[in-house]
Amino acid sequence: QVQLVESGGGLVQAGGSLRLSCAASGLTFSRYAMGWFRQAPGKERELVARIGGGGTTYYVDSVKGRFTISTDNAKNTVYLQMNSLKPEDTAVYYCAADFFVVLPSTPRYWGQGTQVTVSS
């Protein structure tokens, strides 16, 4: 059974940094595309970043140059390093995974979410 467990969320001032972690179990980590979504109050869930086969990455325009997604296959963990945080980054962040080279828009597996709050 696949499990994704996020950690690292919290409250930070604008301009600060956070690193989210997502520990995966029950899957062959290197064969899965991984990613991070977020959902702010009153807004639809959006893809923030994904990483797939060969380490190919994608970022939504609003986080390019500020966020970095990475994986540690030895630890079955995907990270999201978030720098220069803005109040509009406030959301619940979800880790997601699926057995594809590129993470689809509706991944099969989801974590429980971790709250990120950026104060101005």
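Residues numbered from 1 in each chain as written. Predicted model: local features only at pLDDT ≥ 70, side-chain atom pairs only at ≥ 80, totals over all residues. Heavy atoms only, no water.

A.B. asks: I would appreciate a short explanation of the environment of Arg-38 in the present structure.
C.D. replies: The residue Arg-38 is located in strand E4 (residues 33-39) in this model. When its relative accessible area of 6% is taken as the criterion, Arg-38 is described as buried. It is 5.4 Å that separates the C-alpha atoms of Arg-38 and Val-92, two residues lying 54 residues apart in sequence. Once residues lying within four places of it in the same chain are set aside, the contact partners of Arg-38 are Glu-44, Arg-45, Glu-46, Val-48, Ser-62, Val-63, Phe-67, Asp-89, Ala-91, Val-92 and Tyr-93. One polar contact links Arg-38 to Ser-62, side chain to side chain, over a distance of 3.3 Å. Polar contacts involving the side chain of Arg-38 include one to the side chain of Tyr-93, which spans 2.9 Å. (Helix = DSSP H or I, 4+ residues; strand = E, 2+ residues; numbered from the N terminus. Buried < 20%, exposed > 50% of the residue type's maximum accessible area, 1.4 Å probe, protein only. Contact = heavy atoms within 4.5 Å. Polar contact = N/O pair within 3.5 Å; in protein donor to acceptor, adjacent residues only side chain to side chain.)

A.B. asks: Please clarify how the pairing of strand E5 (residues 46-51) should be interpreted in this entry.
C.D. replies: On a regular strand, one side chain projects to one face of the sheet and the next to the other, so that they alternate. For E4 and E5, the ladder comprises 5 bridges, and the chain directions are antiparallel. Within E5, the residue paired with Met-34 across the bridge is Ile-51. Remark: 6 residues form the turn of the hairpin made by E4 and E5, two consecutive strands paired antiparallel; Gly-42 in that turn has positive phi of roughly 75 degrees. Hairpin connection of E5 to strand E6 (residues 57-59): 5 residues between the antiparallel strands, including Gly-54 at a positive phi of 75 degrees. (Pairing = 2+ DSSP bridges.)

A.B. asks: It is not clear to me how the packing of aromatic side chains should be interpreted in this structure. Could you clarify?
C.D. replies: Two numbers describe a pair of aromatic rings. These are the distance of the centres and the angle of the planes. Within this structure, the stated rule accounts for 4 aromatic pairs. Ring geometry for Tyr-32 and Tyr-109: centres 6.3 Å apart, planes at 50 degrees, overall tilted. Of this pair, Tyr-32 sits in the loop between strand E3 (18-25) and E4 while Tyr-109 sits in strand E10 (residues 109-110); the two residues are 77 residues apart in sequence, bridging distant segments of the chain. Residue class for Tyr-109 comes out partly exposed when judged on its relative accessible area of 22%. Through successive ring pairs, a cluster of aromatic residues spans Tyr-32, Phe-99 and Tyr-109. (Phe/Tyr/Trp six-rings, centres within 6.5 Å; stacked < 30°, edge-to-face > 60°.)

A.B. asks: In this structure, what is going on with the nonpolar core? I would like to understand it.
C.D. replies: Generally speaking, nonpolar side chains in soluble globular proteins are found buried as a group. Within the largest apolar cluster, 31 residues are counted, with the highest numbers of intra-cluster contacts made by Met-34, Trp-36, Val-78, Leu-80, Met-82 and Tyr-93. Counting only elements with at least two residues in this core, the list comes to E3, E4, E5, strand E7 (67-72), strand E8 (77-82), strand E9 (91-98) and strand E11 (114-119). Counting residues in hydrophobic clusters, the runner-up holds 5 residues, among them Phe-37, Leu-47, Ala-96 and Leu-103. (Core = buried A, V, L, I, M, F, W, Y, C linked by side-chain atoms within 4.5 Å.)

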